[in-house]
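Residues per chain, in single letters:
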Amino acid sequence: MSQLPTQIIQVLAHFRPVFTRPTWDKVLVLVTGTLLARGRRTVTAALKQLGFHVYEDFSLFHHVLNRANCSCPPLARFFPPLSCFPPPLFVALPSCGRSYLNFRPPAVLGMGGFTSTAPIMAGRIRRVPTFIHESNAIPGKANRTTARMVRAVLLGFKECAPFFPRAHTEVT
């Protein structure tokens, strides 16, 4: 099997306590295969890239994702603001980043909910201007968390501004 670069191993090491030993070995195989695969980056493509698709137990690699029983408290130690969001966030983030490479949006607007978090984060990574809009008087958890990552928080009610003390706010 191909060896991952040291920099990637150092980043992945933070996630090691969340997995059992057998599952961690599968995670490393999947990450390596995904980095090397061309086209769609699926579990099968990752395993084919490394030659694991011929093994009888190759379906066990699908269990890493399909039966993931993510324990958020251990992850909270490493990513406190993001640990409140479901694991699909970490699947959606690369997808949004790839979309922004092809589409090149002039700005990204999040309207709240955990589904707006990945596009906002990907926009920030790609250096696209990002904004969120809070149309409620009391903001939700996603907007309160992503407010740290955006250029401005657009508000429907001026009474909502105190919930975003460190962000630039504008009433729309």
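Let me begin by describing the structure that accompanies this report. (Residues numbered from 1 in each chain as written. Predicted model: local features only at pLDDT ≥ 70, side-chain atom pairs only at ≥ 80, totals over all residues. Heavy atoms only, no water.)

1. Quick look at the overall build of the chain
Put simply, the test is: Elements are defined by DSSP. Helices are runs of H or I of four residues or more, strands are runs of E of two residues or more, and each kind is numbered from the N terminus. Residue contacts are defined here by distance: any two heavy atoms, one from each residue, within 4.5 Å place the two residues in contact. For the accessible areas, the method is Shrake-Rupley and the probe is 1.4 Å, while residue cover comes only from the protein chains on display.
Of regular secondary structure, the chain possesses 8 helices and 4 strands. Reading the chain from its N terminus to its C terminus gives the helix and strand order α-α-α-α-α-α-β-α-β-α-β-β. Contacts in the chain between residues far apart in sequence, at least 24 positions, make up 37% of those at least 6 positions apart. Summed over its atoms, the accessible surface of the chain is roughly 11,000 Å², and 58% of this surface lies on carbon and sulfur atoms.

2. Examining the nonpolar core
Worth spelling out the cut-off: By nonpolar core we mean a set of buried residues, namely Ala, Val, Leu, Ile, Met, Phe, Trp, Tyr and Cys, connected to one another through side-chain atoms within 4.5 Å. The buried label applies to any residue whose accessible area, calculated with a 1.4 Å probe on protein chains only, is under 20% of its type's maximum; exposed applies above 50%, and partly exposed to all values in between.
One finds I120, I132, V153 and F164 to be the most contacted residues of the largest nonpolar core, which totals 17 residues. Taken together, the elements giving at least two residues each to this core come down to α6 (88-103), α7 (117-125) and β3 (152-155). With 4 residues, α7 is the largest single contributor of residues to this core. Residues within four places of V153 in sequence aside, it is in contact with I132, A147, F164, A167, H168, T169 and E170. Counting residues in hydrophobic clusters, the runner-up holds 14 residues, among them L12, L28, A46 and F52.

3. Examining the sheet that holds strand β2 (residues 130-134)
Threshold: What makes two strands pair is DSSP finding at least two bridges between them. For helices, the axis comes from a line fit to the C-alpha atoms of the stretch in contact; other axes are also lines fit to C-alpha atoms, and the angle between any two N-to-C directions lies between 0 and 180 degrees.
In space, the 4 strands of this open sheet follow the order β1-β2-β3-β4, with parallel pairing throughout. Every other strand in the sheet has two partners, leaving β1 (108-110) and β4 (169-171) as the edge strands with one partner each. Between one strand axis and the next, the sheet turns through 25 degrees on average, direction left out of account. Where β3 lies against β4, 3 bridges are found, and the strand directions are parallel.

4. Here's the deal with unusual backbone geometry
Here the phi dihedral of R104 falls at roughly 50 degrees; this positive angle occurs in a residue that is not glycine. By secondary structure assignment, the location of R104 is in the loop between α6 and β1. Under the relative-accessibility criterion, R104 is labelled exposed at 63%. The phi dihedral of R127 is positive, around 60 degrees, even though this residue is not glycine. Tracing the backbone through its elements, the reader meets R127 in the loop between α7 and β2. Under the relative-accessibility criterion, R127 is labelled exposed at 75%.

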